[in-house]
Amino acid sequence: MLAFCTGCNDFLDEKPQSVAAKVNFYQNDNDIEEAVNACYANLQQTQMYREFMVTMAETRSDNIEDRNPGGNAGRDYNIDKFTAGADNACITSVWQYHYHTIMRCNAVLSNLGVCEDAAKKQQFEGEARFIRGLMYFNLVRFWGAVPLVEKELTIEESRAAVHDDVDKIYNFIENDFKAAASALPKTYDKNNAGRATSGAALGMLGKVYLTLHRYQDCVNTLKPLLSDEYKSVYSLQPNVLDVFKMENSMNNEMMFVVRFSKTIVGEGRNFNQYYKDASLLDPVLRQGYDATDERKALIETTSIDKDNTPFVKFYDTLDSTTATVGYDQPILRFADIMLMYAEALNEVSYSGNGEAMTYLNKIRERAKAATYTAADLNSQEAFRKAILWERRIELPLELHRWFDLLRTGEAIDAMAKVGLQITQDDLLFPLPKTELDLCPNMQQNPGYATK
């Protein structure tokens, strides 16, 4: 059902609990903070950003090919090949964990009245609304019209769920990110690094506007992040190869990440199967970097464990005690902001060597790639194509590619180039069969009735 239940964990040091589900648990500020921590902890689960979101957002795209039809009963292979049906375990789990995370956020928001510290109360509300906004943003892009759950539900209310209009869902997401941007601080102390911030909320709001093709709103929202207002908070790392090093974790480029620690039991990540073999990455992506582009090294394999297992991007050394690695999963970083801003500016008005070109070239300069001139990108369409390509080579494996293809209308053509003929129906995932069985008012997405 919508409020799928699992255990939950603390923000940085996971200890299994079930605080979000306890009756009469919320008594004071500390109880609410634990509940907020449980919201973050859900993001770390295998069914979320530890593993399954990679399958949903990267394997689904043209970036990664799954060549193992027998693995996990074809769970990931079928998502890659657009043959997954309503009983697919990955699709079902991602749906359930998103709604369970929303349930936890709603529990926080329903019980803020117990807070005595006004500043803490404001922060907790901002964090819960940020995470809830992120969950709905994923849901609406994966499934389209989905149930909009604004409060804690009883079992009977869950069974009565209906599809809400996509426009209504996006309006809700917009309001959550706006509220989070107003409520959250710009930064935290070291012990709380990784919590949602005002800048991250503005960045996600800008991404929502870009998705909705509200380009001027996107420009207006992202501009403060590129101004003196946030100059001391966000910047590109001088060396692109340093961006993902764990010793450089939560650097000024990382705006929101799902955090992992290889040295704390239960906090690290196992090796993702798709990151073990660079040959699974699309050859067009692998071969598309300039000869001098340092980003290419980030998608080539390096051996990091005693068995010389090769891995790409993100990974640092293996911890022999916990048998995990500790890379954080970026959700939003400053390079993404710069590219979104450049894209939105171009859509508002093409201007040759204007501000949009400046920000596009800043990304390329940092990577030591050849920069563009107005002669290279002499039209709005040429700039549009260059930005989409730059996003692909700057942000691979960061869970943006499928969403980028959807919002630019390029998904069908992009998949055809890797040998997959898909239709408009394939742009949404099937709703899980378990949810349709439990919620009689919900209908399957078009194209999946017989899959």
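Here is what the cut-offs are and how they apply
Residues numbered from 1 in each chain as written. Predicted model: local features only at pLDDT ≥ 70, side-chain atom pairs only at ≥ 80, totals over all residues. Heavy atoms only, no water. Salt bridge = Lys/Arg side-chain N within 4 Å of Asp/Glu carboxyl O. Buried < 20%, exposed > 50% of the residue type's maximum accessible area, 1.4 Å probe, protein only. Helix = DSSP H or I, 4+ residues; strand = E, 2+ residues; numbered from the N terminus. Polar contact = N/O pair within 3.5 Å; in protein donor to acceptor, adjacent residues only side chain to side chain. Contact = heavy atoms within 4.5 Å. Expected span 1.5 Å × (residues − 1). Pairing = 2+ DSSP bridges. pLDDT = per-residue confidence, 0-100. Disulfide = S-S within 2.5 Å. Phe/Tyr/Trp six-rings, centres within 6.5 Å; stacked < 30°, edge-to-face > 60°. Lys NZ or Arg CZ within 6 Å of the ring centre and 35° of its normal.

> Where do I start with the pattern of salt bridges in this structure?
Think of it this way: side chains of opposite charge can pair up when their charged atoms draw near. Inspection of the entire model under this criterion finds 42 salt bridges. In this structure, the salt-bridge partner of Lys-151 is Glu-157, at a minimum N-O distance of 3.3 Å. Glu-157 gets classed as partly exposed once you look at its relative accessible area, which sits at 34%. Across the salt bridge formed by Glu-343 and Arg-407, the nearest N and O atoms sit 2.5 Å from each other. Of the two residues, Glu-343 is situated in helix α12 (residues 334-348) and Arg-407 in helix α15 (residues 401-407); the sequence distance between them amounts to 64 residues. By sharing partners, the salt bridges in this structure join Glu-253, Asp-290, Asp-293, Arg-295, Arg-333, Arg-364, Arg-366, Glu-390, Glu-394 and Glu-398 into a single network.

> What's the story with the side chain of Asp-80 in this structure? I'm lost.
Along the chain, the position of Asp-80 falls in helix α4 (residues 75-80). Among the polar contacts made by the side chain of Asp-80, one reaches the side chain of Lys-81 at a distance of 3.2 Å. With near-sequence residues (within four places) excluded, Asp-80 lies in contact with Thr-59, Ser-61, Ile-64, Glu-65, Asp-66 and Leu-420.

> Explain helix α9 (residues 198-211) to me, please; I cannot follow it from the model alone.
Owing to its 3.6 residues per turn, the α-helix aligns residues three or four sequence positions apart on the same side. For α9, with 14 residues, the first-to-last C-alpha span of 20 Å sits near the 20 Å given by 1.5 Å per residue. Burial of α9 is extensive: 14 of the 14 residues sit out of reach of the surface. Where α9 ends, the next residue or the one after it, His-213, has phi of about 60°, a positive value.

> Looking at this structure, I do not really get the pairing of strand β1 (residues 254-258). What am I missing?
The side chains of a regular strand alternate, residue by residue, between the two faces of the sheet. Of all 5 residues in β1, 5 are buried; the element is thus mostly enclosed. Across 4 bridges, the pairing between β1 and strand β4 (residues 329-333) is antiparallel. Considered in β4, the bridge of Phe-256 is made with Leu-332.

> Would you take a moment to explain the confidence of the model for the protein for this structure?
In this model, the protein carries a mean pLDDT of 91, and residues with pLDDT of at least 70 account for 94%. When pLDDT is averaged over each element of the protein, α9 comes out on top at 99 and strand β3 (residues 310-311) at the bottom at 71. Contacts from residues 3-22, a stretch scored under 50 in pLDDT, to residues over four places away or in other chains number 62 contacts.

> Just checking my understanding: could you explain the state of the cysteines for this structure?
What we call a disulfide is simply a covalent bond connecting the sulfur atoms of a pair of cysteines. For the coordinates displayed, the defined rule picks out 0 disulfides. This cysteine, Cys-90, is not joined by any disulfide, and Cys-439 carries the nearest cysteine sulfur, 20 Å off. Overall, the relative accessible area of 0% leaves Cys-90 in the buried class. Of the cysteine sulfurs around Cys-105, a residue in no disulfide, the closest is that of Cys-39, at 3.8 Å. Cys-105 gets classed as buried once you look at its relative accessible area, which sits at 0%.

> I keep staring at the packing of aromatic side chains and nothing clicks. Help me out?
The geometry of an aromatic ring pair is captured by the separation of the ring centres together with the interplanar angle, meaning the angle of the planes. Considering all chains together, one arrives at 16 aromatic pairs under this definition. A ring pair is formed by Trp-95 and Tyr-99, whose centres lie 5.0 Å apart and whose planes are at 50°; its orientation type is tilted. Placement of the pair is Trp-95 and Tyr-99 together in helix α5 (residues 89-110), with a separation of 4 residues, close to one helical turn. Exposure class is identical for Trp-95 and Tyr-99. Each is buried. One aromatic cluster in this structure is built from Trp-95, Tyr-99, Tyr-136, Phe-142, Trp-143, Phe-172, Phe-403 and Phe-429. Taking the ring centre of Phe-260 as reference, the NZ or CZ of Arg-269 above it sits at 4.8 Å.

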